[in-house]
Amino acid sequence: MKELEKTKRISIAAVFSILLVIIALLSYKKPKNLYTITTKTALEMLLDKNIAVNVDILNDTTIVPIDIRSQYDYEKGYIQNAIHMEAAEVLSNENIEILEKIKANNKMAVLYGNNPEGVIAPYAVLIQMGYNNLKILKVENSYHQNQLITKNVDLEKSIIDIPKFIKGSAKNANIKPKSNTHKAPKKVITIKKSKKNKPEGGC
Amino acid sequence: MINRNLVKALRYRYVLLAVGLILLAGGLVLLPKQEKHKGITSAELLSNAISPERYMSTDEIAHKIVNQDPSILLIDVRDSLNYQKYSLPNALNIPLPKLLDDNSMTFLNQDQYEVVFFSNDNFDADKAWIISNRLGFKNIHVLKGGLNSWFKTIINPTMPEENMPANAFEQYRFRKAASMYFGVVYPESVIQQSTEQKKVPKKVITVKKKKKSTPEGGC
């Protein structure tokens, strides 16, 4: 009789634990907007020089331009057929739906903002979520008489040879140029010499 | 009759329970792989990446370099060729493709130094920052405008116009002094220095010879 009660308790405990696991599984919500690639793959993708494209790409009508600037800027003027998707809101349900649709239709989307530096953040987040059909438009947008002016810009291009400029400045002043590396001064530790005691007394 | 069937079914109860548990444990295999989801969430990453908090101005960096701030760690993410041509004083070179190498991790995954990424503008430095931020590294910053802005503001600062506020002139004075620290020579400063040098009279320091003390005591 005692043994039967013991086995009953074990069975009840096992059933409860299974029920607990089932409830946990049913209540588990899959987190939204998960990354689909590792940081290593993301870095490799970001290193690709073809991620940034010129404005000429917009001649292709299948390309979907996406404006990530503020609502105010977008309303002032935008590239033809551009969809507005403010940078901070690119992960909203509505925008994710749009991006999914573009991807499902095998279309490419180009993100643009006031400058390419402003686009890199939302772009890098989206490619890590698996939207590999995106590019960055290498343009700078400004307004002239309420008209949007879009011009191509170069990325990561050095504007001047700085060492040459520094040398040139020294040449103009007729002195030798100083190197730009400043070594930390050596610490000098002074050691006090112990005074010799005067000889006292003695013969 | 019923009791016999029940007893027969109950005979396999432990086997059934064990199978149930094994099946549920098998469900763990279906869970998404952690490797791909490593780091902070995409929503967090986006909100951090959009915030301009990560940027440090060229003036701030110049100030820290001039004062030999030991808490700053400058990292040049350009290739080694460009790094050798010119870089900021005491900057380390971690080219962007080597950002996730084990050697680089020792500099990035720490919270003692304020790491500042820089490149020619801030396009590549931002890429490095986004990857580092996803991995949860702390105290990572980007030099706003990169070396191009460094040149325009620190190495070759433009003089403010007369109608500009006083702080613009103050900023210009700091930038000019900083540019001199970084090796730029202004003709007027050389002339001033040479005239100043002429005016200063030489100080003559007379050193008194110590008299030898006569030995005391003795016979």
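Residues numbered from 1 in each chain as written. Chains lettered and ligands numbered in written order. Predicted model: local features only at pLDDT ≥ 70, side-chain atom pairs only at ≥ 80, totals over all residues. Heavy atoms only, no water.

(A) Quick look at the overall build of chain B. A count of helices and strands for chain B gives 10 helices and five strands. Evaluated residue by residue, chain B yields a buried proportion of 40% over its 219 residues. Across chain B, contacts joining residues at least 24 apart in sequence account for 65% of those joining residues at least 6 apart. Of the roughly 14400 Å² that chain B leaves accessible, carbon and sulfur atoms contribute 57%. (Helix = DSSP H or I, 4+ residues; strand = E, 2+ residues; numbered from the N terminus. Buried < 20%, exposed > 50% of the residue type's maximum accessible area, 1.4 Å probe, protein only. Contact = heavy atoms within 4.5 Å. Areas by Shrake-Rupley, 256 points an atom, 1.4 Å probe, with all protein chains shown as cover.)

(B) Structural context of the overall build of chain A. Counting its secondary structure elements, chain A contains six helices and seven strands. Starting at the N terminus, the α and β elements of chain A follow one another as α-α-β-β-α-β-α-β-α-β-β-β-α. Of all 203 residues assigned to chain A, the portion counted as buried reaches 35%. By sequence separation, contacts in chain A at least 24 residues apart represent 61% of the contacts at least 6 residues apart.

(C) Layout of the interface of chain B and chain A. Residue-level contacts link 57 residues of chain B with 62 residues of chain A. Between chain B and chain A lies a buried interface of about 5300 Å² when both sides are counted; carbon and sulfur atoms form 70% of it. Scanning the region where chain B abuts chain A turns up zero salt bridges. Applying the counting rule to chain B against chain A returns 15 residue pairs in polar contact (both at pLDDT 80 or more). Where the side of chain B that touches chain A is concerned, the elements lending two or more residues are α2 (13-26), α3 (42-50), α7 (123-134), α8 (146-155) and α10 (187-199) of chain B. Per element, the largest residue contribution to the side of chain B that touches chain A is eight residues, and it comes from α7(B). (Buried area = accessible area lost by both parts, 1.4 Å probe. Salt bridge = Lys/Arg side-chain N within 4 Å of Asp/Glu carboxyl O. Polar contact = N/O pair within 3.5 Å; in protein donor to acceptor, adjacent residues only side chain to side chain.)

(D) Local environment of the packing of aromatic side chains. Using the criterion set out here, one finds four aromatic pairs over all chains in the structure. For the ring pair F165(A) and F151(B), a centre distance of 4.9 Å and an interplane angle of 85 degrees mean the geometry is edge-to-face. Placement of F165(A) in helix α6 (residues 162-172) and of F151(B) in helix α8 is noted, with the two residues assigned to different chains. Each ring, one from Y181(B) and one from F182(B), has its centre 5.2 Å from the other, and the planes form 90 degrees; the classification is edge-to-face. Since its relative accessible area comes to 0%, F182(B) is described here as buried. Through a chain of ring-to-ring contacts, the aromatic side chains of W150(B), Y181(B) and F182(B) assemble into a single cluster. Over the face of the ring belonging to Y55(B) we find K144(B), whose NZ or CZ atom lies 4.3 Å from the ring centre. A cation over an aromatic ring shows up here: K176(B) above the ring of Y186(B), its NZ or CZ 4.9 Å from the ring centre. (Phe/Tyr/Trp six-rings, centres within 6.5 Å; stacked < 30°, edge-to-face > 60°. Lys NZ or Arg CZ within 6 Å of the ring centre and 35° of its normal.)

(E) Molecular detail of unusual backbone geometry. All names here are of chain A. In this structure, N106 takes a positive phi of about 55 degrees despite not being glycine. Along the polypeptide, N106 turns up in the loop between α4 (93-104) and β4 (109-112). When its relative accessible area of 72% is taken as the criterion, N106 is described as exposed. Even without being a glycine, E156 presents a positive backbone phi close to 55 degrees.

(F) Main features of a nonpolar patch on the surface. A cluster of nonpolar residues, I12(A), V15(A), F16(A), L19(A) and I23(A), forms a patch on the protein surface that exposes about 490 Å² of accessible area. Tracing the backbone shows V15(A) in helix α1 (residues 2-27). (Patch = residues over 30% accessible without salt bridge, like charges linked within 9 Å, V, L, I, M, F, W, Y side chains within 5 Å.)

(G) Region of interest: the pairing of strand β2 (residues 64-67) of chain A. Residue and element names in this part refer to chain A. Where burial is concerned, the two faces of β2 agree: the one with V64 and I66 and the one with P65 and D67 are both buried. As defined by bridge partners, β2 adjoins β4 across four bridges and the pair is classed as parallel. When the sheet's bridge partners are listed, V64 is paired in β4 with A109. Two strands pair when backbone bridges link them, and β2 and strand β3 (residues 83-84) are joined in this way by two bridges, in the parallel orientation. (Pairing = 2+ DSSP bridges.)

(H) Examining the sheet that holds strand β4 (residues 114-118) of chain B more closely. Residue and element names in this part refer to chain B. Overall, parallel pairing links the five strands, which are arranged β1-β5-β4-β2-β3 in an open sheet. At either end of the open sheet lies a strand with only one pairing partner, and these are β1 (55-56) and β3 (92-93). The pairing of strand β2 (residues 72-76) with β3 spans two bridges and is parallel. Considered in β3, the bridge of I75 is made with L92. Across the face of the sheet, α7 comes into contact with β1, β4 and β5 (140-143) while running at roughly 170 degrees to β5. (Axes fitted to C-alpha atoms, helices over the stretch in contact; angles between N-to-C directions.)

(I) Up close: the sheet that holds strand β1 (residues 52-53) of chain A. Residues and elements named next belong to chain A. Within the open sheet, the five strands sit side by side as β1-β5-β4-β2-β3. Their pairing is parallel. Lying at the two open borders of the sheet, with one neighbouring strand each, are β1 and β3. Where helix α5 (residues 116-128) meets the sheet, its contacts fall on β4 and β5 (134-137), and the angle it forms with β5 comes to roughly 170 degrees.

(J) Quick peek at α7(B). All names here are of chain B. Across its 12 residues, α7 extends 17 Å between first and last C-alpha, which sits within 8% of the 16 Å expected from 1.5 Å per residue. Burial runs high along α7: 12 of the 12 residues are buried. The set of residues buried in α7 consists of F123, D124, A125, D126, K127, A128, W129, I130, I131, S132, N133 and R134. Directly beyond the C-terminal end of α7, a positive phi value near 80 degrees is found at G136. (Expected span 1.5 Å × (residues − 1).)

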